[in-house]
Amino acid sequence: WYSLQQTTTEANHKHRFDTYDQPSMKTAIPGPRSKELLQKLKHIQDVSAVQFFTDFQQSKGNYIVDVDGNRLLDLFCQIASLPLGYNHPKLAQALLNPDNMGVLINRPALGINPPAEFPNQLHQSIIDVSPPGLKNITLMSCGSCSNENAYKMGFIWYMRKKRNGKPPTKEEIESTFFNKSPGSPNLSVLSFEGGFHGRTLGCLSSTHSKAIHKLDIPAFDWPTAPFPKLRYPLENFQKENQLEEERCLYKVKQLINEYESKGCPVAVLVVEPIQAEGGDNHASASFFRQLRKIAKETGAAFLVDEVQTGCVATGHMWAHESWQLDDPPEMVTFSKKMQLGGIYHKDEMRVDESYRVFNTWMGDSSKLVLLEAIIDYIKQEDLISLAKESGKILQTGLRELEVKYPNIISRARGMGTFCAIDFVDTQTRNEIIADLKNNGIMVGSCGDLAMRIRPALIFEPYHADYFIDAFDNSLSNH
């Protein structure tokens with residue numbers, strides 16, 4: 001499937017990971033077989049988000065193949081969750097290893113009956129790549145449940161401080177059964193306009209990317225601060241962007257004071273390094289360092305949501321490493337490319353009482369098997385450097401195209417291969433994405449205007465060149 005051998009020749013280096021050379025299109029998308037399957041599926045569930053049906057046996061490397069035989073260069077990779085592309089042999093080897101069969105067949109409840117190899121697995125995967133200063137881990141299954149339980153950890157930590165470490169009172173314990181104070185305290189999570197942290201009940205109260213996510217769902221009265229709306233290119237708007245970030249930071253402080261005064265103090269301040277679902281919105285390292293400072297000064301836990309940005313794509317194992325914080329966040333959540341969810345956290349955030357932050361499986365041993373192989377391969381092939389190299393070509397190409405087509409696209413931005421560009425309107429964005437798809441390129445959308453690029457970590461410079469040429473062609477024909 002892949003050539004896994006490193007070579008010094010430039011020709012072979014260009015094609016280190018792929019069997020397929022380029023896209024190959026046989027039908028429009030969705031093709032007739034996908035349409036047939038859509039008709040079958042629509043009788044039992046909603047299919048409004050389904051784009052086409054995938055032939056996962058034929059999909060390889062950076063290329064996704066649909067059931068009609070169309071082969072696309074995939075720059076979206078299962079909503080940014082495939083780290084090594086499709087059918088990577090190292091992952092197949094890990095799953096076929098007889099030593100792993102026990103946890104694949106008998107999914108362990110890791111909170112009560114972990115397998116003997118579990119501590120070593122954690123050290124060789126999760127802990128081996130932990131963010132600086134965070135050596136505690138609580139595993140979950142997905143991004144939403146990671147954030148939901150991080151909020152709980154933050155609330156528990158906050159109240160433990162408020163009690164000065166003393167046990168809860170009888171009144172606190174009994175009032176919880178009726179969702180009343182003091183056992184169910186009036187605390188809040190401060191989040192940002194445009195942020196996305198999941199679709200569970202608490203996470204939805206801190207999610208502000210699309211109204212349809214929140215419609216008809218009861219929500220907590222929690223503060224929502226403005227997130228900087230930077231102007232691009234950054235070098236041309238340094239003063240304006242600095243003032244914009246100062247405006248947002250001032251509002252954060254104001255909201256924290258306001259909610260403290262109304263008896264609903266901010267216990268957790270949550271932020272994404274890049275607001276992905278909300279439109280790939282960036283801010284400076286200085287802005288995030290100031291947020292860290294504000295959280296510390298006001299006694300709130302600083303939670304960095306790396307569900308989208310974690311695991312190498314930004315050119316860092318964790319995007320927040322680029323902020324160079326003096327004091328690590330209290331918690332960092334992850335999922336997607338890490339294959340399972342979880343919360344890295346400081347010692348002080350640990351919940352010592354059983355079953356308070358808990359579920360049946362507490363992660364997934366089968367995904368740890370995959371993650372161990374993924375982390376090993378990231379290091380073996382230096383995929384962090386590759387993300388920087390390929391990302392530089394993507395970002396340079398996008399900037400050149402926005403100069404060439406100023407009436408269609410603008411605000412090219414990115415870290416590593418985690419890139420985006422805005423369109424003049426939503427309709428044009430959607431038309432270009434559809435045109436790219438029918439010409440063998442799979443990308444995604446986010447926010448109202450952005451096209452987002454989320455390739456696998458084996459995405460190489462020649463793939464970036466191919467995409468930029470295809471994007472140029474699509475724009476020129478629009």
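Just so you know, these numbers come straight off a predicted model, no measurement behind them.

1. Comments concerning the nonpolar core
Part 1 of the reasoning: By size, the foremost hydrophobic cluster in this structure holds 98 residues, and its most contacted members are Ile126, Phe192, Leu291, Met338 and Leu383.
Part 2 of the reasoning: Here this core gets nine residues from one element, more than from any other, and that element is helix H13 (residues 365–380).
Part 3 of the reasoning: Those residues within four positions of isoleucine 126 in sequence are excluded, and the remaining contacts are Gln121, Ile137, Leu139, Phe334, Met338, Leu340, Tyr344, Leu368 and Leu371.

2. Quick look at a nonpolar patch on the surface
Part 1 of the reasoning: Side chains of Leu95, Met101, Leu104 and Ile105 sit close together on the surface and give an oily, nonpolar patch of about 320 Å² of accessible area.
Part 2 of the reasoning: Looking at which element gives the most residues to the nonpolar patch, the answer is helix H5 (residues 101–105), with three residues.
Part 3 of the reasoning: As for its placement among the helices and strands, methionine 101 is situated in helix H5.

3. Observations concerning the pattern of salt bridges
Part 1 of the reasoning: One pass over the full model with this rule turns up 20 salt bridges.
Part 2 of the reasoning: Measuring nitrogen to oxygen at the nearest pair gives 2.9 Å for the salt bridge that ties arginine 33 to glutamate 36. Separated by three residues within a single helix, arginine 33 and glutamate 36 lie in helix H2 (residues 32–41), roughly one turn from each other.
Part 3 of the reasoning: The class of glutamate 36 is partly exposed, set by a relative accessible area of 40%.
Part 4 of the reasoning: Where arginine 356 meets glutamate 353, a salt bridge forms, and the shortest distance between an N and an O atom there is 3.6 Å.
Part 5 of the reasoning: Among the residues examined, arginine 356 registers a relative accessible area of 38% and is labelled partly exposed.

4. Looking at helix H7 (residues 143–162)
Part 1 of the reasoning: With 20 residues, H7 extends 29 Å from end C-alpha to end C-alpha; this agrees with the ideal 28 Å at 1.5 Å per step.
Part 2 of the reasoning: Backbone geometry just after H7 places asparagine 164 at a positive phi near 60 degrees.

5. Description of unusual backbone geometry
Part 1 of the reasoning: Following isoleucine 29, the chain continues to proline 30 via a peptide bond in cis, the omega torsion being 0 degrees.
Part 2 of the reasoning: With an omega dihedral of 10 degrees, the bond running from serine 181 to proline 182 counts as a cis peptide bond.
Part 3 of the reasoning: Counting through the fold element by element, proline 182 comes out in the loop between helix H8 (170–175) and strand S4 (188–192).
Part 4 of the reasoning: With a phi angle near 55 degrees, glutamine 78 is a residue other than glycine that sits in the positive phi range.

6. Things to note about the confidence of the model for the protein
Part 1 of the reasoning: For the protein, mean pLDDT is 95; residues scoring 70 or higher make up 97% of the total.
Part 2 of the reasoning: Note that residues 1–13 has pLDDT below 50 and, in this model, 30 contacts with residues that lie over four places away or in other chains.

7. Considering helix H15 (residues 426–438)
Part 1 of the reasoning: Compared with the 18 Å implied by 1.5 Å per residue over 13 residues, the 19 Å span of H15 between its first and last C-alpha is a close match.
Part 2 of the reasoning: Those residues of H15 that sit buried are Thr428, Arg429, Ile432, Ile433, Leu436 and Lys437.
Part 3 of the reasoning: Among the structural elements, strand S2 (71–74), strand S11 (418–423), strand S12 (441–442), strand S13 (444–446), strand S14 (450–453) and helix H16 (461–476) are those in contact with the buried residues of H15.
Part 4 of the reasoning: Backbone geometry just after H15 places glycine 440 at a positive phi near 90 degrees.

8. Topic: the environment of valine 312
Part 1 of the reasoning: Positionally, valine 312 belongs in the loop between strand S7 (301–305) and strand S8 (331–334).
Part 2 of the reasoning: Classification of valine 312 as buried rests on a relative accessible area of 0%.
Part 3 of the reasoning: The sequence separation of valine 312 and tryptophan 323 amounts to 11 residues, and the corresponding C-alpha distance is 15 Å.
Part 4 of the reasoning: The residues contacting valine 312, other than those within four sequence positions of it, are Met317, Ile378, Leu383, Ile384, Ala387 and Leu457.

9. Structural notes on the packing of aromatic side chains
Part 1 of the reasoning: Tallying each qualifying case throughout the model produces 19 aromatic pairs.
Part 2 of the reasoning: Each residue in the set Phe192, Phe227, Phe287, Phe288, Phe302 and Trp323 is aromatic and connected to the rest through ring pairs, giving one cluster.
Part 3 of the reasoning: In this arrangement the basic side chain of arginine 107 is found over the ring face of tryptophan 361, its NZ or CZ atom lying 3.6 Å from the centre.
Part 4 of the reasoning: Over the ring of tryptophan 157 we find lysine 161, and its NZ or CZ is 3.8 Å from the ring centre.

10. Things to note about the environment of methionine 101
Part 1 of the reasoning: For methionine 101, a relative accessible area of 31% gives the class partly exposed.
Part 2 of the reasoning: Look past the residues within four positions of methionine 101 in its chain and what remains in contact with it is Leu95 and Leu96.

Criteria and cut-off values
Residues numbered from 1 in each chain as written. Predicted model: local features only at pLDDT ≥ 70, side-chain atom pairs only at ≥ 80, totals over all residues. Heavy atoms only, no water. Core = buried A, V, L, I, M, F, W, Y, C linked by side-chain atoms within 4.5 Å. Buried < 20%, exposed > 50% of the residue type's maximum accessible area, 1.4 Å probe, protein only. Helix = DSSP H or I, 4+ residues; strand = E, 2+ residues; numbered from the N terminus. Contact = heavy atoms within 4.5 Å. Patch = residues over 30% accessible without salt bridge, like charges linked within 9 Å, V, L, I, M, F, W, Y side chains within 5 Å. Areas by Shrake-Rupley, 256 points an atom, 1.4 Å probe, with all protein chains shown as cover. Salt bridge = Lys/Arg side-chain N within 4 Å of Asp/Glu carboxyl O. Expected span 1.5 Å × (residues − 1). pLDDT = per-residue confidence, 0-100. Phe/Tyr/Trp six-rings, centres within 6.5 Å; stacked < 30°, edge-to-face > 60°. Lys NZ or Arg CZ within 6 Å of the ring centre and 35° of its normal.

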